[in-house]
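Breakdown of the fold
Each chain is listed here by its residues.
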Amino acid sequence: MMLFNETINLQLEDGEAIYYPAYFKKTEADTYFKTLLKTITWQQDTIKLFGKTHLQPRLTALYANNSKAYSYSNITMHPKAFTKELLHIKQHIETICNTHFTTCLANLYRDGKDSNGWHADNEKELGNQPIIASVSFGAERAFHLKHKTKKDQKLKMTLQHGSLLIMKGYTQENWLHQIPKTKKKVAERVNLTFRIIT
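Here the structure is a predicted model, which means the values were calculated and not measured.

1. Some words on the packing of helix 1 (residues 26–39) against helix 2 (residues 84–97)
It is at 10 Å that the axes of helix 1 and helix 2 come closest, and there the two elements cross at 135 degrees. When the axis of helix 1 is compared with that of helix 2, the two are oblique. Here Glu28, Tyr32, Thr35, Leu36 and Thr39 of helix 1 come into contact with helix 2, specifically with Glu85, Leu86, His88, Ile89 and His92. Its residues assigned to classes, the contact of helix 1 with helix 2 shows four nonpolar, four polar and two charged.

Shown next, in the form of structure tokens:
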């Protein structure tokens, strides 16, 4: 089912992140990608930046095993019940994370213009030292990390189709991350970020 032949410790100073480039087999990842595109109820919210309102540069959806809302960037999302596929994926990654996730924030990047600016997943609902498990299906996208105070601490990597990235410990307290825009022609990417809403 899963390929653990490669595990990459990102060696973050003041943080902890582990990357599995081929967590899901390609055939399995292909199936999940096609199904999630169709079965997730995608929406596009508006965000406020410097007093101006913009459409968020990606589509999102929130799923959970409870009714707890999740707020970020002045957006409050209310979850739908996990779909069959999201439950399967959640159960797979809970084994390796040794954690029971309550919630999944899903992101759909439609092309290179869709992005997610510098941020940390440090909302109060996530508690102290949150664990975030990020699964990628579809087109590869660049992923950047930078330390909040140590300017020399930066990392750039590519998130592959079927990969799993786990961020935990003090990562959200000390690091920012982003999916930058790109002028390259890129296809759709589905990103599932599993978390615990306390």
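Anyway, onward from the coordinates.
2. Points about the pattern of salt bridges
Here the structure, examined in full by the defined rule, presents eight salt bridges. Taking the shortest distance from any N to any O, the salt bridge between aspartate 121 and arginine 195 comes out at 3.8 Å. Placement of the pair is aspartate 121 in the loop between strand 10 (116–119) and strand 11 (132–138) and arginine 195 in strand 16 (residues 189–195), with a sequence separation of 74 residues. Assigned by exposure class, aspartate 121 and arginine 195 land together as buried. Salt bridges here are not isolated pairs; linked through shared partners, they connect Glu13, Asp14 and Lys150.

What counts as what
- Residues numbered from 1 in each chain as written.
- Predicted model: local features only at pLDDT ≥ 70, side-chain atom pairs only at ≥ 80, totals over all residues.
- Heavy atoms only, no water.
- Axes fitted to C-alpha atoms, helices over the stretch in contact; angles between N-to-C directions.
- Helix = DSSP H or I, 4+ residues; strand = E, 2+ residues; numbered from the N terminus.
- Parallel < 35°, antiparallel > 145°, perpendicular 65-115°, else oblique.
- Contact = heavy atoms within 4.5 Å.
- Nonpolar A, V, L, I, M, F, W, Y, C, P; charged D, E, K, R; others polar.
- Salt bridge = Lys/Arg side-chain N within 4 Å of Asp/Glu carboxyl O.
- Buried < 20%, exposed > 50% of the residue type's maximum accessible area, 1.4 Å probe, protein only.

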